[in-house]
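Chain and residue survey
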2 protein chains.
Amino acid sequence: MKLTEIYWHLRSDISMIEKELEQNIGAKHPVLKKASTHLLKAGGKRIRPVFVLLAGQFGNYSVKEIKNVAVPLELIHMASLVHDDVIDNAELRRGEKTIKSKWDNRVAMYTGDFMFARAVELAAESKQPEVHDIISDAMVEMCIGEVEQIQDQYNWDQNLRTYLRRIKRKTALLIAVSCELGAVAGDTDSETRRKLSLFGHYVGMAFQITDDILDFVGTEKELGKPAGSDLKQGNVTLPALCAMNKDPELKVKISSTIKENDLGGTEIKSIIEAIKDTGAITCAKQFSDRYLQKARETLQDLPDIHAKTALLQIADYIGKRKF
Amino acid sequence: MKLTEIYWHLRSDISMIEKELEQNIGAKHPVLKKASTHLLKAGGKRIRPVFVLLAGQFGNYSVKEIKNVAVPLELIHMASLVHDDVIDNAELRRGEKTIKSKWDNRVAMYTGDFMFARAVELAAESKQPEVHDIISDAMVEMCIGEVEQIQDQYNWDQNLRTYLRRIKRKTALLIAVSCELGAVAGDTDSETRRKLSLFGHYVGMAFQITDDILDFVGTEKELGKPAGSDLKQGNVTLPALCAMNKDPELKVKISSTIKENDLGGTEIKSIIEAIKDTGAITCAKQFSDRYLQKARETLQDLPDIHAKTALLQIADYIGKRKF
């Protein structure tokens, strides 16, 4: 099943969220408004607001409370992308010009800051004070995750635990928080909330692992960037870790070939093939499958409402997605 | 009176704030911790926490409530400086290496983000929900101010109102908020709170105008950058506006000489002299003095406690400061 098919059943809810995003992003300032709207129109999976919405359906949610949670979460996600684009000097994102290329670094920097600020401003409007606590804690953890990723670059000696901790902060956390805050907005009982948060965590872990696999197996067209970009930039992801675990000689080869400020030249292709040859993709895929299995099990005892079906379908989609 | 003399009487309170800043900036992550601490040790006037502290003394404040307010405000200020350094490619700040030069842009970007996030996380710990509202609103306004400043660059047709609105967002707002939140932390009556906030606004306006004057009259050594940097970068400040108002021909000369990506060469010095010759410094100084006078009047009916004396002394200092 494709994401669009799952989303089709949710289309009225999603269009409500899109409308809220558009209305709430609206800065008084024309450039900020244009830059933010540009980003918004470039689209995205809106996976975080969708999780908020679906988790909220396990309780009694008001559109207003959902909005106060879903919009900030998507804004935080978008802000982190804008800041990444400044640092990575990226010209394109999702096939659209980035803010830093359409305007400049200065506008991109402050659009990101503005979105962070707008996110906490909206969170403050929630009637539940814990919404604000959870969102600001998540922002802090995400920043730590970003810095961890820098520090761990080109460190070929890192282990699986380092990797998992990093992707937890970088990706899984905001998805877990999306599910948790949906539950908070819906005022579910605490056990339901705990389970939904855990579901988000597992799905988020699988989502990032799949992303990391796709960087090895996707085509340049599918990825919007050359395959092997992670490796080239010294980002040590699960397939590489699986391969180096299985073949210590490969580790020596990788660490002597891929160095900072030296893009590894044509050898990068042979290294990617060598990594694949160890069965690293299957190995990484097993991790992702295990997380998805845990995610499904977590929902087992929750009531069989439509939202549960949709959450399970999204989990299936993540396991099979090609881009 | 020098700032150090005013601060001398407040030294135990200020050292308390420094300690709180140091403790609360402490990230779990070593690089973030080092980068933040580096920034902290580089110093600064700590004018925002001092205003919080002094305003709080008009009520009954607990150290904990003051901390929940003063630390976030200083963090937001520091975060905005770090992000400015990324954009301006600055190597030095207050005579110390910037984070982007000591580490790199990536670390600087995420240290700034981390400080913003840590600021809202701490604000969330306040018992008074309005603390969080006020801080997040201020962050949004500051971002708008930053973008306004970009947009107004090299626009020699802007008027006084544009300038005043811009410095209100850029500088005065966070100082007004510091005074207001000090009052909130001290749980003063609403009239005292309103007056302290207004005092902060007036002092903040004077502070920025003085900064803008110093850019014309300061020496390179005092300023830590060549005089006339604002003008060179197309930032239209009050002395330039006063001069162009008085002498329309000068406006033609300025707008034909100073252009983007063209640093105006040696002519910048003659333009600065021409601006001074119109009496622009006196004109700008009058604005600053008027704001400081309003600031003093605002405090008139407040009780004559020690904090009031200190606030008035800071206002005097701002009117006379040389760097």
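Bear in mind the structure is a predicted one, so any value in this text is a computation, not a measurement. As a convention, each chain's residues are numbered from 1 in the sequence order in which they are written. All chains are assigned letters beginning at A, and all ligands numbers beginning at 1, according to the order in which they are written. The predicted nature of this model means local features are confined to residues of pLDDT at least 70 and side-chain atom pairs, given and counted, to a pLDDT of 80 or more, with totals for whole chains, interfaces and linings taken over all residues. Hydrogens and water molecules were not included; the side-chain quantities draw on all heavy atoms of the structure.

**Quick notes on the overall build of chain A**
Of the regular secondary structure elements, chain A holds 17 helices and two strands. Radius of gyration: over C-alpha atoms. The globule rule applied is 2.2 Å multiplied by the number of residues raised to the 0.38 power. Whereas a compact globule of 323 residues would reach a radius of gyration of roughly 20 Å, chain A reaches 20 Å, a difference of no more than 12%. Expressed as lengths along the three principal axes of its C-alpha atoms, the size of chain A is roughly 55 × 50 × 35 Å. In chain A, which comprises 323 residues, the share counted as buried stands at 61%. Within chain A, contacts between residues at least 6 apart in sequence are counted, and of these 76% link residues at least 24 apart. Each accessible area is a Shrake-Rupley result for a 1.4 Å probe, and residues are judged covered by the shown protein chains and nothing else. Looking at chain A as shown, the accessible area adds up to about 13700 Å², and 49% of this sits on carbon and sulfur atoms. Charge-centre separation for chain A: the mean point of 46 positive side chains lies 3 Å from the mean point of 46 negative side chains. Strands are runs of DSSP state E lasting at least 2 residues, helices are runs of H or I lasting at least 4, and numbering of each runs from the N terminus. Summary of the burial criterion: residues with accessible area below 20% of their type's maximum are buried, those above 50% are exposed, and those between are partly exposed, where the area comes from a 1.4 Å probe applied to protein chains only. Throughout, a contact is declared for two residues whenever any of their heavy atoms are within 4.5 Å. For the purpose of counting charges, residues Lys and Arg are taken to be positive, whereas Asp and Glu are taken to be negative. His and the chain ends are not included. The location of each charge is read from NZ of Lys, CZ of Arg, CG of Asp or CD of Glu.

**Brief notes about the packing of helix H2 (residues 11-25) of chain A against helix H5 (residues 63-88) of chain A**
The axes of two packed helices give the description: the angle between them and the distance between them. Residue and element names in this part refer to chain A. Between H2 and H5, whose axes approach to 10 Å, the crossing angle comes to 70°. When the axes of H2 and H5 are compared, the pair comes out roughly perpendicular. Viewed along their axes, H2 and H5 form a crossing whose handedness is right-handed. Taking contact as the criterion, the partners of Met16, Glu20, Leu21, Asn24 and Ile25 in H2 are, on H5, Val63, Lys67, Val71, Glu74, Leu75 and Met78. Only the stretch in contact is used when a helix axis is fitted, and all axes are lines through C-alpha atoms; the angle between N-to-C directions ranges over 0 to 180 degrees. Every angle not falling under 35 degrees, over 145, or within 65 to 115 is termed oblique; those three ranges are roughly parallel, roughly antiparallel and roughly perpendicular. Crossing handedness follows the turn of the near helix against the far one: under a right angle anticlockwise gives a left-handed crossing, and clockwise gives a right-handed one.

**Here's the deal with the side chain of Asp212 of chain A**
Residues and elements named next belong to chain A. Residue placement: Asp212 occurs in helix H10 (residues 190-217). Between Lys or Arg on one side and Asp or Glu on the other, a salt bridge is scored when a side-chain nitrogen of the former is within 4 Å of a carboxyl oxygen of the latter. Here Asp212 occupies a buried position and makes no salt bridge, while the nearest side chain of opposite charge, Lys170, is found at 5.2 Å. Apart from residues lying up to four places away in sequence, Asp212 is in contact with Tyr163, Ile167, Asp230, Thr237 and Pro239.

**Some words on the nonpolar core**
Core analysis: the largest hydrophobic core is formed by 105 residues, its most contacted members being Leu181 of chain A together with Leu181 of chain B. Sequence-distant contacts of Leu181 of chain A, defined by excluding residues within four places in its chain, comprise Val69, Leu73, Val131, Ile134 and Ile135 of chain A. In this structure, Ala206, Ile209, Ile271 and Ala295 of chain A belong to the second largest nonpolar core, which totals 61 residues. What makes a nonpolar core is a set of buried Ala, Val, Leu, Ile, Met, Phe, Trp, Tyr and Cys residues whose side-chain atoms join them at distances within 4.5 Å.

**Overview of helix H16 (residues 280-299) of chain A**
Residues and elements named next belong to chain A. Expected span of a helix: the number of residues minus one, times 1.5 Å. Across its 20 residues, H16 extends 29 Å between first and last C-alpha, which sits within 8% of the 28 Å expected from 1.5 Å per residue. Residues of H16 that are buried include every one of Ala280, Ile281, Ala284, Phe287, Ser288, Tyr291, Leu292, Ala295, Thr298 and Leu299, and no others. Seen from one end, H16 has its buried residues packed into an arc of 130°, which puts them on one side. Relevant arc is that of directions from the helix axis to the C-beta atoms, nothing else.

**Description of the interface of chain A and chain B**
Contacts between the two partners involve 38 residues from chain A, matched on the other side by 39 residues from chain B. By definition, the buried area sums, over both parts, the 1.4 Å-probe accessible area that each loses when the two are put together. When the two sides are added together, the surface that chain A and chain B hide from each other amounts to roughly 3700 Å², 71% of it contributed by carbon and sulfur. It is Ile87, Arg106 and Tyr110 of chain A in chain A that bury the most area against chain B; as a group they hold 18% of the surface buried on that side. Whenever two N or O atoms come within 3.5 Å, that pair is a polar contact, provided that in protein one can donate a hydrogen and the other can accept it, and provided that, for residues adjacent in sequence, both atoms are side-chain atoms. Put simply, chain A and chain B have five residue pairs in polar contact (both at pLDDT 80 or more) between them. For the side of chain A that touches chain B, the secondary structure elements donating two or more residues are helix H3 (30-41), H5, helix H7 (105-124) and helix H8 (129-152) of chain A. In the side of chain A that touches chain B, the residues fall into 20 nonpolar, six polar and twelve charged. In this classification, Asp, Glu, Lys and Arg are treated as charged, Ala, Val, Leu, Ile, Met, Phe, Trp, Tyr, Cys and Pro as nonpolar, and every other residue, Gly included, as polar.

**A look at the pattern of salt bridges**
A side chain with one charge can pair with a side chain of the opposite charge if their charged atoms come near. Following the criterion strictly, the structure yields 34 salt bridges over all chains and no others. Taking the shortest distance from any N to any O, the salt bridge between Lys251 of chain A and Asp157 of chain A comes out at 3.0 Å. Here Lys251 of chain A is found in helix H14 (residues 248-257), whereas its partner Asp157 of chain A is found in the loop between H8 and helix H9 (160-185), with 94 residues between them in sequence. Given a relative accessible area of 27%, Lys251 of chain A falls into the partly exposed group. Across the pair Glu180 of chain B and Arg193 of chain B runs a salt bridge whose closest N-O atoms are separated by 2.9 Å. A residue pair is termed long-range when its members are at least 10 positions apart, and Glu180 of chain B in helix H9 (residues 160-185) and Arg193 of chain B in helix H10 (residues 190-217) qualify at 13 residues. The exposure class of Glu180 of chain B is buried, given its relative accessible area of 17%. Look at the salt bridges and you will find they share partners, linking Glu141, Glu148, Arg165 and Arg169 of chain A into a network.

**Brief notes about the relation of the copies chain A and chain B**
The copies are overlaid by a least-squares fit using only the C-alpha atoms of residues whose pLDDT is at least 70 in both copies. For the pair chain A and chain B, the relating rotation is 180°, the translation along its axis is 0.0 Å, and the fit reaches an RMSD of 0.0 Å. In short, the pair behaves as if placed about a two-fold rotation axis. A share of 100% of the interface residues of chain A reappears at the interface of chain B, consistent with the copies meeting face to face through the same patch.

**What about unusual backbone geometry?**
Among all residues except glycine, the phi angle is most often negative; among peptide bonds, the trans geometry is most common. One non-glycine residue, Asp187 of chain A, lies in the positive phi region at around 55°. With respect to the secondary-structure elements, Asp187 of chain A resides in the loop between H9 and H10.

**Focus on the packing of aromatic side chains**
Residues and elements named next belong to chain A. Note on ring pairs: Phe, Tyr and Trp rings are taken, using the six-membered ring of Trp, and paired if centres are within 6.5 Å. Classes follow the plane angle, with under 30 degrees stacked, over 60 edge-to-face and the rest tilted. Within this structure, the stated rule accounts for four aromatic pairs over all chains. With centroids separated by 6.2 Å and ring planes inclined at 75°, the aromatic side chains of Phe51 and Phe199 adopt a geometry described as edge-to-face. One end of the pair, Phe51, is in helix H4 (residues 47-56); the other, Phe199, is in helix H10, and 148 residues separate them in sequence. Exposure remark for Phe199: the relative accessible area of 0% places this residue in the buried category. Placement of a positive charge over a ring is assigned whenever Lys NZ or Arg CZ falls within 6 Å of the ring centre and within 35 degrees of the normal to the ring plane. A cation over a ring is seen here: Arg290 above Phe287, with NZ or CZ 5.2 Å from the ring centre.

**Here we look at the side chain of Glu74 of chain B**
Residues and elements named next belong to chain B. With respect to the element layout, Glu74 can be found in helix H5 (residues 63-88). For Glu74, a relative accessible area of 1% corresponds to the buried category. Once you skip the residues sitting within four places of it in the chain, Glu74 turns out to touch Leu21, Arg46, Arg48 and Pro49.

**As for the state of the cysteines**
Defined by distance alone, a disulfide is two cysteine sulfur atoms within 2.5 Å. All chains considered together, the criterion is met by two disulfides over all chains. Across the disulfide, Cys242 of chain B is cross-linked to Cys283 of chain B (sulfur-sulfur distance 2.1 Å). With the S-S bond torsion at -65°, the cross-link from Cys242 of chain B to Cys283 of chain B turns out left-handed. Placement of Cys242 of chain B in helix H13 (residues 238-246) and of Cys283 of chain B in helix H16 (residues 280-299) is noted, with a sequence separation of 41 residues between them. Exposure remark for Cys283 of chain B: the relative accessible area of 23% places this residue in the partly exposed category. The closest cysteine sulfur to the non-disulfide-bonded Cys143 of chain A is located on Cys143 of chain B, 14 Å from its own sulfur. Among the residues examined, Cys143 of chain B registers a relative accessible area of 6% and is labelled buried.

**Details of helix H14 (residues 248-257) of chain B**
All names here are of chain B. Turning to H14, its buried residues are Leu250, Ile254 and Thr257. Looking down the long axis of H14, one finds its buried residues gathered within 75° of arc, a one-sided arrangement. Facing away from the buried side of H14 by over 90 degrees, the exposed positions are Pro248, Glu249 and Val252. In the core, the buried residues of H14 are packed alongside H13 and helix H15 (267-277).

**Side note on the packing of helix H7 (residues 105-123) of chain B against helix H8 (residues 129-152) of chain B**
Residues and elements named next belong to chain B. Between H7 and H8, the least distance of the axes is 9 Å, while the angle of their chain directions is 160°. With respect to H8, the element H7 is oriented roughly antiparallel. For the pair H7 and H8, the contacting residues are Phe116, Val120 and Ala123 in the first and Val131, His132, Ile135 and Met139 in the second. Looking at the contact of H7 with H8 residue by residue, the classes come out as six nonpolar, one polar and no charged.

That's the geometry; what it means functionally is another story.
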